[in-house]
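Commentary on secondary and tertiary structure
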Amino acid sequence: MESPQNQNINLDNEIVIRQPLDKKAYAKKYYDQNKEKMKLQTREAFKKMECSDIKRNKVLEKLNTNGFKRIPLKILTKHNIIFSEELKKYI
């Protein structure tokens, strides 16, 4: 192995100094480069959230604590939520 002193390396052409970006400029640049990927991720996350148990549990919690003034029956049937007369709450 040669010592570093014996190697002829021209580092002047290879060194690139990167200037720090402020957060807004970085965010704008990142969004421009990854716009389609971010949109796709957002759509996929929304689809997962709509069909998940997390959404169902949130709806149940709001129903049982009178968090909703009105709720469409479509949402209840979508999440398979029914009112139990014995327990006097939604299950």
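Described in the following lines is the structure provided in the data block. Remember, predicted model here, so these are calculated numbers, not experimental data. (Residues numbered from 1 in each chain as written. Predicted model: local features only at pLDDT ≥ 70, side-chain atom pairs only at ≥ 80, totals over all residues. Heavy atoms only, no water.)

A closer look at the overall build of the chain
Regarding its fold elements, the chain presents 3 helices and 2 strands. Looking at the chain as a whole, 10% of its 91 residues qualify as buried. Taking the contacts inside the chain whose residues are at least 6 apart along the sequence as the reference set, 30% of them involve residues at least 24 apart. For the chain, the exposed surface amounts to about 9,100 Å²; the carbon and sulfur share of it is 54%. (Helix = DSSP H or I, 4+ residues; strand = E, 2+ residues; numbered from the N terminus. Buried < 20%, exposed > 50% of the residue type's maximum accessible area, 1.4 Å probe, protein only. Contact = heavy atoms within 4.5 Å. Areas by Shrake-Rupley, 256 points an atom, 1.4 Å probe, with all protein chains shown as cover.)

Notes on the pattern of salt bridges
Summed over all chains, the structure comprises 1 salt bridge. When the shortest N-O distance is used, the salt bridge between E85 and K88 registers 3.4 Å. For the residue pair E85 and K88, the accessibility class agrees, reading exposed in each case. (Salt bridge = Lys/Arg side-chain N within 4 Å of Asp/Glu carboxyl O.)

Quick notes on the nonpolar core
With 5 residues, the main nonpolar core is built from V59, L60, L63, L76 and I81. Broken down by element, the residue count for this core peaks at 3 residues, all from helix α2 (residues 53-64). If sequence neighbours within four positions are ignored, L63 has contacts with F68, I71, L76, I81 and Y90. (Core = buried A, V, L, I, M, F, W, Y, C linked by side-chain atoms within 4.5 Å.)

Remarks on the side chain of H79
Relative to the helices and strands, H79 is located in the loop between α3 (73-78) and β1 (83-84). The buried category is assigned to H79, whose relative accessible area is 10%.

Examining a nonpolar patch on the surface
A surface patch of nonpolar side chains, amounting to about 320 Å² of accessible area, comprises L21, Y26 and Y30. Tracing the chain through its elements places Y26 in helix α1 (residues 23-50). (Patch = residues over 30% accessible without salt bridge, like charges linked within 9 Å, V, L, I, M, F, W, Y side chains within 5 Å.)

As for a positive patch on the surface
A surface patch of positive charge is lined by K35, K39, R43 and K47. Mapped onto the elements of the fold, K35 is located in helix α1. The exposure class assigned to K35 is partly exposed, which follows from its relative accessible area of 31%. (Lys, Arg positive; Asp, Glu negative; His and termini not counted. Charge placed at Lys NZ, Arg CZ, Asp CG, Glu CD.)

Some points on α2
Along its 12 residues, α2 runs 16 Å from first to last C-alpha, staying within 8% of the 16 Å computed at 1.5 Å per residue. Among all positions in α2, only V59, L60 and L63 are buried. Angular distribution of buried residues about the axis of α2 spans 100°; they occupy a single face of the element. Set apart from the buried face of α2 by more than 90 degrees, the exposed residues are I54 and E61. Residues of α2 that are buried in the fold lie against α3 and β2 (89-90). After α2 finishes, the residue N66 shows a positive phi value of roughly 55°. (Expected span 1.5 Å × (residues − 1). Arc of directions from axis to C-beta.)

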